[in-house]
Amino acid sequence: GLRWTHNKNFGSALLPSSWVSWQINSKSIVKSSLAYGYRSPSLKELYFNFIDVNHYVVGNTALKPEKSVNLKTEFNYSNLQIKKLNFDLIGSIFYNDIKGKIVLTSYGPIEYEYRNIERFKSIGSGATIKTKISEVVSFKTSILRTAFYNYLSSKDNQLPNYSWSTDWSNELDIN
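Computed from a predicted structure; not experimentally measured. (Residues numbered from 1 in each chain as written. Predicted model: local features only at pLDDT ≥ 70, side-chain atom pairs only at ≥ 80, totals over all residues. Heavy atoms only, no water.)

Trainee: Talk me through the pairing of strand S9 (residues 137-149); I want residue IDs and the actual numbers.
Mentor: Relative to S9, strand S8 (residues 111-132) runs antiparallel, the two being bridged by eleven bridges. Bridge pairing in S9 links Ser-125 to Arg-145. Here S8 folds back onto S9 in antiparallel fashion, the turn holding four residues. Sheet topology places S9 next to strand S10 (residues 162-174); 13 bridges connect them, and they run antiparallel. Residue Phe-139 lies in a different strand from S10, and its bridge partner there is Leu-172. (Pairing = 2+ DSSP bridges. Helix = DSSP H or I, 4+ residues; strand = E, 2+ residues; numbered from the N terminus.)

In structure tokens, the structure reads:
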């Protein structure tokens, strides 16, 4: 794919992307994607001012657009039979690299401003198990392990390159 974006204040960008899907057999499929991204600052990030007794949040007209790349691969295995239950298994890995990421940063006890940070990177993997327990009840559990790049580690060898986070979510649906 190829996407063209244009913003009268921030210019144009051509953004390529590609997707591949391989059906290994009737139960297994592998999907991969590579995509480039571009995001202009929003009006809120540029001009929003929220100032009262408890808040001091200001926009920043000097913001630059974000530019990013995302890689993702996912493996799906469906209809794994264990006793009387069918399970769907999904495993995934990903990588994100964003240059000039726009974030709300603190520069005082209650003072905040939107700024571009030099680099934001994350890598991770996830696993999901889904099953239909009955005609009306289904259950899904997912775990995601993500590493966030600490760009200050390039200036200070004492700091770790990545900070890790684990998310675990569960869903019980009754229809």
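Trainee: Summarise the pattern of salt bridges; cite the residues concerned and give the values.
Mentor: The full count for this structure, using the stated rule, is seven salt bridges. Note that Glu-66 is salt-bridged to Arg-39, the shortest N-O span being 3.2 Å. Of this pair, Glu-66 sits in strand S6 (residues 66-82) while Arg-39 sits in strand S3 (residues 28-39); the two residues are 27 residues apart in sequence, bridging distant segments of the chain. For Arg-39, a relative accessible area of 30% puts it in the partly exposed group. As a salt-bridge pair, Lys-140 and Glu-171 come within 3.7 Å of each other at their nearest N and O atoms. Here Lys-140 is found in strand S9, whereas its partner Glu-171 is found in strand S10, with 31 residues between them in sequence. Owing to a relative accessible area of 27%, Lys-140 belongs among the partly exposed residues under this scheme. (Salt bridge = Lys/Arg side-chain N within 4 Å of Asp/Glu carboxyl O. Buried < 20%, exposed > 50% of the residue type's maximum accessible area, 1.4 Å probe, protein only.)

Trainee: Can you break down unusual backbone geometry residue by residue, with the values?
Mentor: The backbone phi angle of Asn-79 is positive, close to 60°, even though this residue is not glycine. With respect to the helices, strands and loops of the structure, Asn-79 is situated in strand S6. The residue Lys-83 is not glycine, and still its phi comes out positive at about 55°. You can see Lys-83 is positioned in the loop between S6 and strand S7 (85-106).

Trainee: Can you explain the environment of Gly-124? Please cite residues and give values.
Mentor: The residue Gly-124 is located in strand S8 in this model. Considering only alpha carbons, one finds Gly-124 and Asn-9, 115 residues apart in sequence, at a separation of 34 Å.

Trainee: Give me the lowdown on the packing of aromatic side chains, citing residues and values where you can.
Mentor: A full pass over the atoms with the stated rule returns three aromatic pairs. A ring pair is formed by Phe-120 and Phe-148, whose centres lie 6.2 Å apart and whose planes are at 50°; its orientation type is tilted. One end of the pair, Phe-120, is in strand S8; the other, Phe-148, is in strand S9, with 28 residues separating them in the sequence. The lysine or arginine in question, Lys-101, covers the ring of Phe-120, its NZ or CZ lying 5.0 Å from the ring centre. (Phe/Tyr/Trp six-rings, centres within 6.5 Å; stacked < 30°, edge-to-face > 60°. Lys NZ or Arg CZ within 6 Å of the ring centre and 35° of its normal.)

Trainee: Talk me through the side chain of Ser-40; I want residue IDs and the actual numbers.
Mentor: Looking at the secondary structure, you find Ser-40 in the loop between S3 and helix H1 (43-47). Since its relative accessible area comes to 17%, Ser-40 is described here as buried. Here Asn-7 takes part through its side chain, which lies 3.5 Å from a polar atom of the side chain of Ser-40. Excluding residues within four positions of it along the chain, Ser-40 makes contact with Asn-7, Phe-10 and Pro-65. (Polar contact = N/O pair within 3.5 Å; in protein donor to acceptor, adjacent residues only side chain to side chain. Contact = heavy atoms within 4.5 Å.)

Trainee: Account for the environment of Val-53, naming residues and giving values.
Mentor: Relative to the helices and strands, Val-53 is located in the loop between strand S4 (49-51) and strand S5 (56-58). The class for Val-53 is exposed, based on a relative accessible area of 76%. Between the C-alpha atoms of Val-53 and Ile-110, which are 57 residues apart in sequence, the distance is 9.4 Å.

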